[in-house]
Amino acid sequence: MTPSALSNPAVRIRAHGGPEVLELHDAPVGEPGPGQLRIRHAAIGLNFIDVYQRTGLYPGELPRALGMEGAGVVEAIGAGVTHLAVGDRVAYAANPPGSYCLRRVMPAEHVCRLPEGIAFDTAAAMMLKGLTAQYLLRRTRPVEGLEAGDFVLWHAAAGGVGLIACQWARALGLQLIGTAGSAEKCALALAHGAAHAIDYRREDWVARVREITGGQGVKVVYDSVGKDTFEGSLDVLRPFGLMASFGNASGPVPPVAPGVLAAKGSLYLTRQTLFTHLRDRATTQAMADELFAVVADGRVKIRIDQRHALADVADAHRALEARATTGSSVLRP
Ligand code: NDP
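Notes on the structure in this doc start here. (Residues numbered from 1 in each chain as written. Predicted model: local features only at pLDDT ≥ 70, side-chain atom pairs only at ≥ 80, totals over all residues. Heavy atoms only, no water.)

**Comments concerning the sheet that holds strand β10 (residues 175-180)**
So, step 1. Taken together, the six strands give an open sheet; going across it, the order is β11-β10-β9-β12-β13-β14, and neighbouring strands pair in parallel fashion. Looking at the sheet topology across the chains shown, the edges are occupied by β11 (196-199) and β14 (268-271). For this sheet the average axis-to-axis angle between neighbouring strands, irrespective of direction, equals 15 degrees.
So, step 2. Relative to β14, strand β13 (residues 237-245) is paired through four bridges, and the arrangement is parallel. Pairing of L242 across the sheet is with Y268, part of β14.
So, step 3. Relative to the sheet, helix α4 (residues 183-191) contacts β10 and β11, its axis offset from that of β11 by approximately 165 degrees. (Pairing = 2+ DSSP bridges. Helix = DSSP H or I, 4+ residues; strand = E, 2+ residues; numbered from the N terminus. Axes fitted to C-alpha atoms, helices over the stretch in contact; angles between N-to-C directions. Contact = heavy atoms within 4.5 Å.)

What follows is the structure, given as structure tokens:
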């Protein structure tokens, strides 16, 4: 039987919309071309960016494959790929999307060999989220630098990226103030290394951050919630502080006039995407090596709180959008 004849369940959308537009179909795969490999997924990661792509907030050409994170075994290798071999255990975060499937032919550039001690599920739950925590905590710096003892604020601290960030920030000696949408989620953030946690659906979180920091404010806000938190986030920054906006779970941030940054304390604003950081193989591997190291030695534990079959991906999207999840969600092909 040729590989292209193998059944390959995959999820696509033919229209933007709610979870009901996610449809399972058969997407036969061929042999990898130059610079490509074919992976057989053992586990697939679910990310909030998949929701933005499904709804069309991040538009794309239709029909469209989804999913940007996965782990599995290399089944075939194209010409010119030297860093991997058939049979290797691997994992990746990669753009363009297309990980919601059993088999996939994709560029090898962003695929990394997985250390022996890291299971497929763990890898699929941590590549996109963990590399995001890596670039935000290690590569996105306020001008005044970030030192042990400094206060930072991290919204949605009990989520997939959030729980990794709580632990990594603790390992760096930072005092991370986490926000989360319930008492249980706050307890989870604290258990994973947040120095303080605030239920931002019930408390005046701006006042609480000021109180916790003795009126000084934080050096950096990491804000993936977007519309609902953006303005308050600027209000809790120290002078010359950094607003690292990196998502829109509550909706996109409206346009900002630069003068606002001056009025609120000569602030810096950056809006980055992981995929600018993953622009070449060397940078991708260096970032992944840091992530593998903190996971391998236990400084960061990857928490998988939701597991779904790929065929039930619509349920997984519903739960994520309803704020009914904690930690990471993994799909089984
Ligand atoms: P999460 O597991 O963190 O899920 C999103 C969380 O956002 C929810 O659990 C919820 O937590 C919170 N939230 C606040 N308001 C809303 C709302 N109105 N609707 C839904 N959720 C809301 O997801 P991920 O770990 O996958 O991603 C975290 C964020 O980081 C996302 O916004 C994502 O887009 C962004 N991201 C950005 C990247 C980049 O490079 N720019 C890369 C990776 C992720 P609670 O109930 O506690 O409020």
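Okay, back to it.
**Section: helix α2 (residues 120-138)**
So, step 1. Along its 19 residues, α2 runs 25 Å from first to last C-alpha, staying within 8% of the 27 Å computed at 1.5 Å per residue.
So, step 2. Along its length, α2 reaches its greatest deviation from straightness, about 45 degrees, at M126. (Expected span 1.5 Å × (residues − 1). Bend = angle between axes of the 7 residues up to and from the residue.)

**Re the nonpolar core**
So, step 1. Of all hydrophobic cores here, the largest spans 53 residues; its most connected members are M127, L131, W154, Y222 and L274.
So, step 2. Broken down by element, this core gets its largest block of residues, eleven residues, from α2.
So, step 3. When residues no more than four places from it in sequence are discounted, the contact partners of W154 are L136, L137, V161, G162, A165, L176, I177, G178, T179, Y222 and F246. (Core = buried A, V, L, I, M, F, W, Y, C linked by side-chain atoms within 4.5 Å. Buried < 20%, exposed > 50% of the residue type's maximum accessible area, 1.4 Å probe, protein only.)

**What to know about the packing of aromatic side chains**
So, step 1. Throughout the structure, instances matching the rule amount to four aromatic pairs.
So, step 2. Where W154 meets Y222, the ring centres are 4.4 Å apart and the plane angle is 25 degrees; that geometry is what we call stacked. Within this pair, whereas W154 is found in strand β9 (residues 151-154), its partner Y222 is found in strand β12 (residues 218-223), the two being separated by 68 residues in sequence. Both residues of the pair, W154 and Y222, count as buried.
So, step 3. Through a chain of ring-to-ring contacts, the aromatic side chains of F48, Y52 and Y58 assemble into a single cluster.
So, step 4. For the cation-ring pair, R89 lies above F120, with the distance from its terminal atom to the ring centre recorded as 4.6 Å. (Phe/Tyr/Trp six-rings, centres within 6.5 Å; stacked < 30°, edge-to-face > 60°. Lys NZ or Arg CZ within 6 Å of the ring centre and 35° of its normal.)

**A closer look at the site of the ligand**
So, step 1. In the vicinity of the ligand there are 28 residues, among which K185, Y200, F246, L274 and R323 approach most closely.
So, step 2. Interatomic distance of 3.0 Å between a backbone N/O atom of S224 and an oxygen atom of the ligand.
So, step 3. The separation between a nitrogen atom of the ligand and a polar main-chain atom of A249 is 3.3 Å.
So, step 4. Coverage of the ligand by the protein amounts to 93% of the 900 Å² it exposes when considered alone.
So, step 5. Element by element, the count of residues in the shell around the ligand is highest for α2, at three residues.
So, step 6. Grouping the constituent residues of the shell around the ligand by class yields 13 nonpolar, eleven polar and four charged. (Near = heavy atom within 4 Å. Polar contact = N/O pair within 3.5 Å; in protein donor to acceptor, adjacent residues only side chain to side chain. Areas by Shrake-Rupley, 256 points an atom, 1.4 Å probe, with all protein chains shown as cover. Nonpolar A, V, L, I, M, F, W, Y, C, P; charged D, E, K, R; others polar.)

**Considering the side chain of R89**
So, step 1. Within the secondary structure layout, R89 lies in strand β6 (residues 89-93).
So, step 2. Buried charge without a partner: R89 forms no salt bridge, and the closest opposite charge is E116, 4.4 Å away.
So, step 3. Within the structure, R89 has its side chain in polar contact with the backbone oxygen of I118 (distance 2.7 Å).
So, step 4. Excluding anything up to four places from it in sequence, R89 contacts G72, C112, R113, L114, P115, E116, I118, A119 and F120. (Lys, Arg positive; Asp, Glu negative; His and termini not counted. Salt bridge = Lys/Arg side-chain N within 4 Å of Asp/Glu carboxyl O.)

**Some remarks on the pairing of strand β3 (residues 36-46)**
So, step 1. In terms of burial, β3 is a largely internal element, eight of the eleven residues being buried.
So, step 2. Sheet topology places β3 next to strand β7 (residues 103-107); five bridges connect them, and they run antiparallel. Across the sheet, I39 pairs through a bridge with R104, a residue of β7.
So, step 3. As judged from the three bridges shared by β3 and strand β16 (residues 328-332), these two strands associate in the antiparallel manner. Across the sheet, the residue bridging to L46 is S329, located in β16.

**Points about the sheet that holds strand β2 (residues 23-26)**
So, step 1. Read across the sheet, three strands follow the order β2-β1-β4 without closing on themselves; strand pairing throughout is antiparallel. Each having just a single partner strand, β2 and β4 (64-65) make up the two edges of the open sheet.
So, step 2. The sheet contact formed by strand β1 (residues 9-13) and β4 spans two bridges and is antiparallel. When the sheet's bridge partners are listed, R12 is paired in β4 with A65.

**Considerations on the pattern of salt bridges**
Opposite charge on two side chains allows them to pair when their charged atoms are near.
So, step 1. Counted according to the given criterion, the structure contains 21 salt bridges.
So, step 2. Where E23 meets R14, a salt bridge forms, and the shortest distance between an N and an O atom there is 2.8 Å.
So, step 3. Its salt-bridge partner being E321, residue R54 comes within 2.9 Å of it at the nearest N-O pair. Placement of the pair is R54 in helix α1 (residues 48-55) and E321 in helix α10 (residues 313-321), with a sequence separation of 267 residues.
So, step 4. Here the salt bridges share partners, and the residues they tie into one network are E31, R38, E75 and R103.

Geometric values such as these leave the question of function open.
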